[in-house]
Amino acid sequence: MTEHAALTCVGLMSGTSVDGIDVAIVEIVGRPPALEVKVRHFETVPFSEAVRSRIFHLFDLEKANVSELSTMNFLLGHVFADATLTALRNAGIAPHEVAFVASHGQTIYHNPVPELIDGYEVISTLQIGEASVIAEKTGITTISDFRVRDMAAGGQGAPLVPFVDKLLFTAPDKGRIAANIGGIANLTVLPAGGRSEPLGFDTGPGNMILDGLVQKITGGTKHYDQDGKIAQTGQVNEAFLAKWLELPYFAAQPPKSTGRELFGAVCVEQWWSEGQAAGLAPQDLVRTATEFTARTFADAIKRFVLPAYAIEEMFVGGGGSYNPVLMDSIRKHLPNLVIEQQEATGIPGDAKEAVCFAVLGYECFHQRPNNLPSVTGAARPVVMGKVVRSQEGQA
Ligand SMILES: Nc1ncnc2c1ncn2[C@@H]1O[C@H](COP(=O)(O)OP(=O)(O)OP(=O)(O)O)[C@@H](O)[C@H]1O
Ligand SMILES: CC(=O)N[C@H]1[C@@H]2OC[C@@H](O2)[C@@H](O)[C@@H]1O[C@H](C)C(=O)O
């Protein structure tokens, strides 16, 4: 296949917030560094409540079991395949026109901190949503399990989007940050003109604690603080916040990545019970959690980025970029940066990660390395992604 012809590719992202499956249908042509990406269609296919609650059950390390894990791997394969077919139908594109589906999968567990077992230093990560089911149901070659190869090469397996940020958003004359505030917040530092390699890491929580608190406060009727409406009515409790800012994750040097293991349900329970003990009103707790995200995100930039890189502007994507209380606070803590929403780049903020996985899939499809060792800490560039090929006789 020639690289002069554009490929139609599908990127699937189901992030740590578990709000739905982001499906991006993109046209990609060229090869790095001259890669052109055009978004043809994007939609988020929501999870049903039944599937969503089964996923959350799997996050509970005390209660989840192996049979559920196996079942959910296949169930999510079906759900991802259907989301792909729905988006293709809505876009008026036939499955046989698509070169591949690149599916991130649902992260169930992520542990980049080595555990010494029987002489082996073990790190691991698990994304589920069986690619064989997606390939069989859609008839499209499916690429999945990106993170494990980077980890096998000694990397964190995350964040992976910086590889694509570098290709799409490096500016010739000014330093930029490309950030994403999803369940977890992460960023990519893009030196001007690509003169040095990007730095990238997870700064800590994005919306994960916030979402958990809102669900508790509303008895599950709301999943998140839409437009920061609850936070707007609350006050930051500085003493409460100060204690949480001491978590060692924030001072640790990159490369680093995190997830629900540190900022998921156990953390939310702790916020809730400590908040009650300290007499915080629910809206103050939500406002303080919003500030926790803003402060840890801005502090990470002040601590690890601004002393070493000349940065003028930052683009922020992910669902958190639509929360005005969060964004106002980030702007207040970083007054010298021009901060814009991801939309200013031409790629919608909620579509970015799905688009990025299409690009990572494109590089895997062409058997080219697609990790960024400067970010993940991997020992070398590797080709991430496992390929399940479409077969004759399929759709
Ligand atoms: N209008 C809005 N106001 C406030 N918050 C919002 C809004 N829209 C989305 N969000 C927040 O963004 C979250 C979803 O973000 P996103 O889809 O980027 O996360 P994700 O991709 O699942 O996470 P990650 O990038 O960590 O894998 C929601 O759970 C919610 O907290
Ligand atoms: C293990 C895992 O799923 N990590 C996610 C998560 O969500 C945001 C942040 O934590 C980032 O490290 C990563 O996702 C994005 C897509 C990435 O790899 O760049």
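Residues numbered from 1 in each chain as written. Chains lettered and ligands numbered in written order. Predicted model: local features only at pLDDT ≥ 70, side-chain atom pairs only at ≥ 80, totals over all residues. Heavy atoms only, no water.

Where an unreviewed UniProt entry is consulted, the protein chain appears under the name Anhydro-N-acetylmuramic acid kinase, with the organism given as Tumebacillus algifaecis. You can read under Catalytic activity (unreviewed entry) in the UniProt record for the protein chain the words "1,6-anhydro-N-acetyl-beta-muramate + ATP + H2O = N-acetyl-D-muramate 6-phosphate + ADP + H(+)". Regarding the protein chain, the relevant UniProt record gives this comment under Function (unreviewed entry): "Catalyzes the specific phosphorylation of 1,6-anhydro-N-acetylmuramic acid (anhMurNAc) with the simultaneous cleavage of the 1,6-anhydro ring, generating MurNAc-6-P. Is required for the utilization of anhMurNAc either imported from the medium or derived from its own cell wall murein, and thus plays a role in cell wall recycling." (UniProt positions renumbered as here; feature names shortened; annotations may be inferred.)

Chemist: Help me understand the overall build of the protein chain in this model?
Modeler: Along the protein chain, the regular secondary structure elements total 15 helices and twelve strands. Relative to the 2.2 N^0.38 estimate, which gives 21 Å for 395 residues, the radius of gyration of the protein chain is 20 Å and therefore close to what a compact globule would have. Overall, the C-alpha framework of the protein chain stretches about 65 × 50 × 50 Å when taken along its three principal axes. Looking at the protein chain as a whole, 54% of its 395 residues are labelled buried. Taking all contacts inside the protein chain whose residues are at least 6 apart in sequence as the whole, residues at least 24 apart take part in 69%. Taken as a whole, the protein chain presents about 16,700 Å² of accessible surface, with 52% of it coming from carbon and sulfur. Counting 31 positive and 43 negative side-chain charges, the protein chain places the averaged centre of each group 2 Å from the other. (Helix = DSSP H or I, 4+ residues; strand = E, 2+ residues; numbered from the N terminus. Rg over C-alpha atoms; globule rule 2.2 N^0.38 Å. Buried < 20%, exposed > 50% of the residue type's maximum accessible area, 1.4 Å probe, protein only. Contact = heavy atoms within 4.5 Å. Areas by Shrake-Rupley, 256 points an atom, 1.4 Å probe, with all protein chains shown as cover. Lys, Arg positive; Asp, Glu negative; His and termini not counted. Charge placed at Lys NZ, Arg CZ, Asp CG, Glu CD.)

Chemist: Is there a simple way to think about the pairing of strand E5 (residues 120-128) in this case?
Modeler: It is a general feature of regular strands that their side chains alternate between the two faces of the sheet. Bridge count for strand E4 (residues 100-117) against E5 is eight bridges, and the pairing is antiparallel. Paired with His110 across the strands is Thr125, a residue of E5. Counting the residues between successive antiparallel strands, the hairpin from E4 to E5 contains two residues, one of them, Asp118, with a positive phi of roughly 50°. (Pairing = 2+ DSSP bridges.)

Chemist: What is the right way to look at the site of ligand 2 in this model?
Modeler: Close to ligand 2 lie 16 residues; Thr107, Arg147, Leu160, Val161 and Asp202 are nearest. Between an oxygen atom of ligand 2 and a side-chain N or O atom of Thr107, the distance comes to 2.6 Å. Between an oxygen atom of ligand 2 and a side-chain N or O atom of Arg147, the distance comes to 2.8 Å. Coverage of ligand 2 by the protein amounts to 97% of the 430 Å² it exposes when considered alone. Mapped by element, the contributors of at least two residues to the shell around ligand 2 are E4, strand E8 (184-190) and helix H14 (352-365). Among the elements that line the shell around ligand 2, the one with the most residues is E4, at three residues. Of the residues belonging to the shell around ligand 2, the class tally is seven nonpolar, six polar and three charged. Counting residues domain by domain, the shell around ligand 2 receives three or more from each of domain 1 (7-157 + 350-388) and domain 2 (162-345). (Near = heavy atom within 4 Å. Polar contact = N/O pair within 3.5 Å; in protein donor to acceptor, adjacent residues only side chain to side chain. Nonpolar A, V, L, I, M, F, W, Y, C, P; charged D, E, K, R; others polar. Domains from an automatic or database assignment.)

Chemist: How should I be thinking about the UniProt feature "binding site: ATP" (unreviewed entry) in the protein chain in this particular structure?
Modeler: When the UniProt feature table is mapped to this numbering, "binding site: ATP" (unreviewed entry) covers Gly15, Thr16, Ser17, Val18, Asp19, Gly20, Ile21 and Asp22. Those annotated residues from the list above that line the second largest pocket are Thr16 and Ser17. Inspection of the secondary structure assignment puts Asp19 in the loop between strand E1 (7-14) and strand E2 (20-31). Residues within four places of Asp19 in sequence aside, it is in contact with Pro46 and Phe47. On the secondary structure map, Asp22 appears in strand E2. Leaving out residues up to four positions away in the same chain, Asp22 has contacts with Gly11, Leu12, Met13, Phe42, Glu43, Thr44, Asp350 and Ala354. (1 Å grid on protein atoms, 1.4 Å probe; cavity = no way out; pocket = protein on both sides within 12 Å on 5 of 7 lines; lining within 4 Å.)

Chemist: Looking at this structure, how should I read the packing of helix H6 (residues 208-217) against helix H11 (residues 265-277)?
Modeler: Between two packed helices, the angle of one axis relative to the other and the distance separating the axes together describe the packing. H11 packs onto H6 with a crossing angle of 60° between their chain directions and a minimal axis gap of 9 Å. By the angle between their directions, the pair H6 and H11 is classed as oblique. As H6 packs across H11, the resulting crossing turns out to be right-handed. Two secondary-structure elements touch here, H6 through Met208, Ile209, Gly212, Leu213, Lys216 and Ile217 and H11 through Cys267, Val268, Glu269, Trp271 and Trp272. Counted by class, the contact of H6 with H11 contains eight nonpolar, one polar and two charged residues. (Axes fitted to C-alpha atoms, helices over the stretch in contact; angles between N-to-C directions. Parallel < 35°, antiparallel > 145°, perpendicular 65-115°, else oblique. Left-handed = near helix turned anticlockwise from the far one by under 90°.)

Chemist: Honestly, the side chain of Asp284 in this entry has me stumped. Any pointers?
Modeler: Summarising the element assignment, Asp284 is placed in helix H12 (residues 282-305). The charged side chain of Asp284 is buried without a salt bridge, its nearest counter-charge being Arg287 at 8.2 Å. When sequence neighbours within four positions are dropped, the list of residues in contact with Asp284 reads Gly234 and Gln235. (Salt bridge = Lys/Arg side-chain N within 4 Å of Asp/Glu carboxyl O.)

Chemist: Is there a simple way to think about the domain arrangement of the protein chain in this case?
Modeler: Often, the extent of an interface is quoted as the loss of accessible area on bringing the components together. Along its sequence, the protein chain is carved into domain 1 (7-157 + 350-388) and domain 2 (162-345). For domain 1 and domain 2, the distance between their C-alpha centres works out to 23 Å. Each partner contributes to the interface: domain 1 provides 31 residues, whereas domain 2 provides 31 residues. Here domain 1 meets domain 2 over a buried area of about 2,300 Å², counting both sides, of which 59% is carbon and sulfur. Broken down residue by residue, the surface that domain 1 buries against domain 2 is led by Lys352, Leu372 and Val375, which jointly contribute 26%. (Buried area = accessible area lost by both parts, 1.4 Å probe.)

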